[in-house]
Amino acid sequence: ESIKPLGKRIGYFNYSIGSRRTQTLTAEFDTKVLPTASPGDIIVFWEITNNAHDLVDDTEGTALFANVVAYCDQVRNHDLICVCLTGIARDMPSFDDANITDRIIACNNLMRADPSSFCDLLVDVGALTQFDAKADTTNTTYYNSDRTHLTNTGYDLIATTVFNTMNGAGLFD
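Below is a short write-up of the structure. All values derive from a computational prediction rather than experimental measurement.

Okay, the nonpolar core next. Judged by nonpolar contacts, the single largest core of 24 residues is most densely connected at Val-68, Tyr-71, Cys-72, Cys-84, Met-111 and Phe-118. Where this core is concerned, the elements lending two or more residues are helix 1 (22-33), strand 2 (42-46), helix 3 (62-76), strand 3 (81-85) and helix 4 (100-113). Ranked by residue count, the leading element in this core is helix 3, at 7 residues. Non-local contacts of Cys-84, meaning those with residues more than four positions away in its chain, are made with Phe-45, Val-68, Cys-72, Met-111, Phe-118, Cys-119, Leu-121, Leu-122 and Val-123. Counting 20 residues, the second largest nonpolar core, distinct from the first, contains Ile-42, Val-123, Val-162 and Leu-171.

Dropping the structure here:
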């Protein structure tokens, strides 16, 4: 399936700022995204890691993936282009359980299996070697000392990857 032609603009970059979870972003979609969105706009979605905090029993990543699909379905049902990012490793020893990155990786694998079934374009930032393993979180070039949040260099790498993938897919004709 080919990607729809670019409409007006990137309508919304929806990610897990302020510890918001996928379910919250889905619930807010009608009031926070739709009022300013137009058909053909691109919605970039990046939220798995905060949701993984709550789903400690989701060892197969299926609940995380179901939440991602629900959000992306909502985007696509409004004739918007859904660009979805995979999750990245994280490790916050004083807060997280030891298996949060395993759940994120399990969800990423489900996303990689058939991305066209739930989004228009998958950007696999979770496959970047700087973000694909729990041990990566100790690299202070990309992660802050909390081993969860990114440095400006880390965010720059994510942004460059997203732009290059979207450009390569022909979204910026």
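A few words on the packing of helix 3 against helix 4. Two elements in contact, helix 3 and helix 4, have axes separated by 8 Å at closest approach and are oriented at 50°. One way to sum up the angle between helix 3 and helix 4 is to call them oblique. Crossing of helix 3 over helix 4 shows right-handed handedness. Residues Thr-62, Leu-64, Phe-65 and Val-68 of helix 3 form the contact with helix 4, whose own contacting residues are Arg-103, Ile-104, Cys-107, Leu-110 and Met-111.

Burial analysis of strand 3 places 5 of its 5 residues in the buried class, the great majority of the element. Where burial is concerned, the two faces of strand 3 agree: the one with Ile-81, Val-83 and Leu-85 and the one with Cys-82 and Cys-84 are both buried. Across 4 bridges, strand 2 lies against strand 3 in parallel orientation. In the strand pairing of strand 3, Ile-43 is matched with Cys-82. Here strand 3 runs beside strand 4 (residues 121-123); their pairing, made up of 3 bridges, is parallel. Pairing of Cys-84 across the sheet is with Leu-122, part of strand 4.

Further remarks concern the packing of helix 1 against helix 3. Where helix 1 meets helix 3, the axes come as close as 9 Å, and the angle between the chain directions of the two elements is 15°. Comparing the axis directions of helix 1 and helix 3 gives the class roughly parallel. For the element pair helix 1 and helix 3, the recorded crossing hand is left-handed. Contacts between helix 1 and helix 3 involve Thr-22, Gln-23, Leu-25, Thr-26, Phe-29, Asp-30 and Val-33 from the former and Asn-67, Val-68, Tyr-71, Gln-74 and Val-75 from the latter. Broken down by class, the residue content of the contact of helix 1 with helix 3 amounts to 6 nonpolar, 5 polar and 1 charged.

With that out of the way, let us pick up the pattern of salt bridges. Once their charged atoms are close, side chains differing in charge can pair, the charge on each being opposite to the other. For the structure on display, the rule yields 4 salt bridges. Lys-134 is paired through a salt bridge with Asp-91; the nearest N and O atoms lie 4.0 Å apart. You can see Lys-134 sitting in the loop between strand 4 and helix 5 (152-168) and its partner Asp-91 sitting in the loop between strand 3 and helix 4, a full 43 residues away along the chain. The exposure class assigned to Lys-134 is partly exposed, which follows from its relative accessible area of 29%. For the salt bridge of Asp-124 with Arg-112, the shortest nitrogen-to-oxygen distance reads 2.6 Å. With Asp-124 in the loop between strand 4 and helix 5 and Arg-112 in helix 4, this residue pair connects regions lying 12 residues apart in the sequence. Owing to a relative accessible area of 26%, Asp-124 belongs among the partly exposed residues under this scheme.

Rules and cut-offs
Residues numbered from 1 in each chain as written. Predicted model: local features only at pLDDT ≥ 70, side-chain atom pairs only at ≥ 80, totals over all residues. Heavy atoms only, no water. Core = buried A, V, L, I, M, F, W, Y, C linked by side-chain atoms within 4.5 Å. Buried < 20%, exposed > 50% of the residue type's maximum accessible area, 1.4 Å probe, protein only. Helix = DSSP H or I, 4+ residues; strand = E, 2+ residues; numbered from the N terminus. Contact = heavy atoms within 4.5 Å. Axes fitted to C-alpha atoms, helices over the stretch in contact; angles between N-to-C directions. Parallel < 35°, antiparallel > 145°, perpendicular 65-115°, else oblique. Left-handed = near helix turned anticlockwise from the far one by under 90°. Pairing = 2+ DSSP bridges. Nonpolar A, V, L, I, M, F, W, Y, C, P; charged D, E, K, R; others polar. Salt bridge = Lys/Arg side-chain N within 4 Å of Asp/Glu carboxyl O.

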